[in-house]
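# Examination of the molecular architecture
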Amino acid sequence: MAERPHNRTGEPAYRRARVRRGRADDLGVRRAVSGRMLLALVGAMAFLAALAMAGLAGASALAGHWRAAGDELTVQVPDPAMLGRVMAALLAAPGVVEARAVDPAALEAALEPWLGAGAGRVGLALPAVVAVRLAPGTSAEALAAAVPGASVEAHEPWLRRLAALLWRLEASAAAVVGVVGLVAAAVVAVATRAGLALRREAIEIVHGLGATDGFIAGRFARRAGRLAGWGGLLGVLGAAPVLAGLVATGFELAPGRDMAEAAARAVPPALWAGFAAVPVAAGMIGWGTAQVTVRRWLRRLP
Amino acid sequence: MLELDEVGLRYGGGDVLRGVSFQVPEGEFRWLVGPSGAGKTSLLRVLHLAVRPSSGRMVMLGEAIGPRSGSRGRLALLRRQIGMVFQEFRLLPHLDAFDNVALPLRLAGRPEGQVRVDVMELLAWVGLSRKVRRLPAELSGGEQQRVAIARAVVGRPSLLLADEPTGNLDDVQAERLMLLFQEMNRLGATVVVATHNQGLVERHPAHTLALRDGVLVRDG
């Protein structure tokens, strides 16, 4: 057996060498695939994806809310003295699930931004308003015939246009998430190709020693997947304060409430799951893209 | 058994090998000689499966290989049975001597304990047991050549190929290398050594393959 050089602690020199350089990076992939560049670019993509997902979730929530409002309508009674008769007629009409007279004070408060405070006191005649919820499929026109003298305002026509707008917003947000994923894959592919070019000779050597395509691709994929995963995490963390600000504005958080708690309540659970999935998805995109890129590149070797 | 049948190789628009046919029974030794540009390195690259032949067919270690036959996975496994000493060493510059020599064993999935024993034994044999931590750039040309030789034989290959293996060695090291090749031969490995060193061939007479302009002109 050959003499084995030892260090001061008695550890064989070759073991020190192993600890220092490690065999997990036989191909020198750590230096070949730039960590900072990939982290920064995938992080930026994940940031955009998180914002787009939040937009998608917000649009979906609004769409659901307004779709539910499609079965509601408002009946305006010009002479508040007729409110009792109108209410009786509404409650007797087929398809009416609920009819609720809107409190005049609440009506004044709702109109205050446009009419100023105390609109009723200055002689402006306000109609009585009844909020009606219909069974699905009930016609607003049929209801109008049941309450002569009252004006029936169906929400459905403008809700339909609003729903179309929201659907486009949802589709756009989903498209942004998809495009961001594709761009992230392209970034990983470019970084991997640059790494392959840098390590071309090393790859040819290990290929000649019997390394399979899977071994070589696995070395690059592990590095790219890890970097992309970390980039995804950084992107989501970077998006968190921006989203918290949006949530605070969008949901008109009451002053004095704890911001984080309120934001946590406002964000749907599916969106939290989506945020958690971003680093995982980024890692998988990085791993898969590197696998495909390296295996294609290796086709030039026999 | 190594068998080539009308093997040709086109490279850069020209034929670097044409109609090369020969057989090497298992466990035999062959010198591969010829002037510069005769096609020795190209033939070794074909035998090392670094390139597929453009025409013809060959049988290596029981596997038929042609321009399109032989799966990539199967070729990778075959390469693990082939040791190659390159003229220009081809060591991985970021790995030290130990890890360079260990690479074929690790690729073959040998246990790390066995890897350490085999690698240290080989590095001691080539006189580098005190330089296991040195990177290739920290070694002389001759030392790098010895690391490359250790890497080629550490996996006890069935086929050992060498391209000008003594080019950077002194006479003593060259003779030690010939002893190693003979020992590998004795253990059953087929050995093909390409050289310009006529003196070495005369000191160790053996069956010789001679190439000229990509054509095999002598087999005997």
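### Details of the overall build of chain B
In terms of regular secondary structure, chain B is built from seven helices and ten strands. Here chain B has a C-alpha radius of gyration of 17 Å; the compact-globule value for 220 residues is 17 Å, and the two agree. Relative to its 220 residues, chain B shows a buried fraction of 45%. The long-range fraction of contacts in chain B, counting pairs at least 24 apart against all pairs at least 6 apart in sequence, stands at 70%.

### Let's talk about the packing of helix H3 (residues 97–107) of chain B against helix H5 (residues 141–153) of chain B
All names here are of chain B. It is at 7 Å that the axes of H3 and H5 come closest, and there the two elements cross at 25°. One element, H3, and the other, H5, form an angle in the roughly parallel class. Crossing of H3 against H5: the hand is right-handed. Contact residues: Ala 97, Asn 100, Val 101, Leu 103 and Pro 104 in H3; Val 147, Ala 150 and Arg 151 in H5.

### Some details on the interface of chain B and chain A
Counting from both sides, the interface comprises 34 residues of chain B and, opposite them, 24 residues of chain A. Elements supplying a minimum of two residues to the side of chain B that touches chain A: helix H2 (72–79), H3 and helix H4 (112–125) of chain B. When its residues are assigned to classes, the side of chain B that touches chain A shows 18 nonpolar, four polar and twelve charged.

### What about the sheet that holds strand E2 (residues 14–24) of chain B?
Residue and element names in this part refer to chain B. Pairing within the open sheet is antiparallel, and its four strands lie in the order E2-E1-E4-E5. The open sheet is flanked by E2 and strand E5 (63–65), the only strands paired with a single partner. Pairwise comparison of adjacent strand axes, ignoring direction, gives a mean angle of 20° for this sheet. Alignment of strand E1 (residues 2–11) against E2, held across seven bridges, turns out to be antiparallel. When the bridges of E2 are listed, Arg 10 appears paired with Asp 15. In the packing of helix H1 (residues 40–47) onto the sheet, contacts are made with E1 and E2, and the angle to E2 comes to roughly 60°.

### Focus: unusual backbone geometry
All names here are of chain B. The backbone of Leu 49 sits at a positive phi, close to 65°, despite the residue not being glycine. Look at Leu 61: it is not a glycine, yet its phi comes out positive at around 50°. Mapped onto the elements of the fold, Leu 61 is located in the loop between strand E4 (55–60) and E5.

### A look at the sheet that holds strand E3 (residues 128–134) of chain A
Residue and element names in this part refer to chain A. The strand order E2-E3-E1-E4 describes an open sheet built from four strands, whose pairing is antiparallel. Of all strands in the sheet, those bounded by a partner on one side alone are strand E2 (96–101) and strand E4 (151–154). Strand-to-strand twist in this sheet, taken as the mean axis angle between neighbours without regard to direction, amounts to 25°. The pairing of E2 with E3 spans five bridges and is antiparallel. Considered in E3, the bridge of Ala 99 is made with Val 132.

### Focus on the environment of Gly 195 of chain A
All names here are of chain A. Looking at the element boundaries, Gly 195 is found in helix H7 (residues 156–198). Placed 162 residues apart in sequence, Gly 195 and Val 33 show a C-alpha to C-alpha distance of 4.9 Å. Beyond its immediate chain neighbours, meaning those up to four positions away, Gly 195 contacts Val 29, Ala 32, Val 33 and Phe 220.

### Some words on the confidence of the model for chain A
When pLDDT is averaged along chain A, the result is 80; 82% of the residues meet or exceed 70. For residues 1–22 of chain A, every residue scores under 50 in pLDDT, and the model assigns this stretch 39 contacts once sequence neighbours within four places are set aside.

### Examining helix H6 (residues 171–186) of chain B
Residues lying three or four places apart along an α-helix face the same way, a consequence of the helix completing one turn every 3.6 residues. All names here are of chain B. The end-to-end C-alpha separation of H6 is 22 Å, in line with the 22 Å expected for 16 residues at 1.5 Å each. Taken together, the buried positions of H6 are occupied by Leu 177, Leu 180, Phe 181 and Met 184. For H6, the angular spread of buried residues about the axis comes to 100°, placing them on one side. Opposite the packed face of H6, turned more than 90 degrees from it, sit the exposed residues Asp 171, Val 172, Leu 179, Glu 183 and Arg 186. Next to the buried residues of H6 lie H5, strand E7 (159–163) and strand E8 (190–194).

Criteria and thresholds
- Residues numbered from 1 in each chain as written.
- Chains lettered and ligands numbered in written order.
- Predicted model: local features only at pLDDT ≥ 70, side-chain atom pairs only at ≥ 80, totals over all residues.
- Helix = DSSP H or I, 4+ residues; strand = E, 2+ residues; numbered from the N terminus.
- Rg over C-alpha atoms; globule rule 2.2 N^0.38 Å.
- Buried ≥ 20, exposed ≤ 12 C-beta atoms within 10 Å, placed from the backbone.
- Contact = placed C-beta atoms within 7 Å.
- Axes fitted to C-alpha atoms, helices over the stretch in contact; angles between N-to-C directions.
- Parallel < 35°, antiparallel > 145°, perpendicular 65-115°, else oblique.
- Left-handed = near helix turned anticlockwise from the far one by under 90°.
- Nonpolar A, V, L, I, M, F, W, Y, C, P; charged D, E, K, R; others polar.
- Pairing = 2+ DSSP bridges.
- pLDDT = per-residue confidence, 0-100.
- Expected span 1.5 Å × (residues − 1).
- Arc of directions from axis to C-beta.

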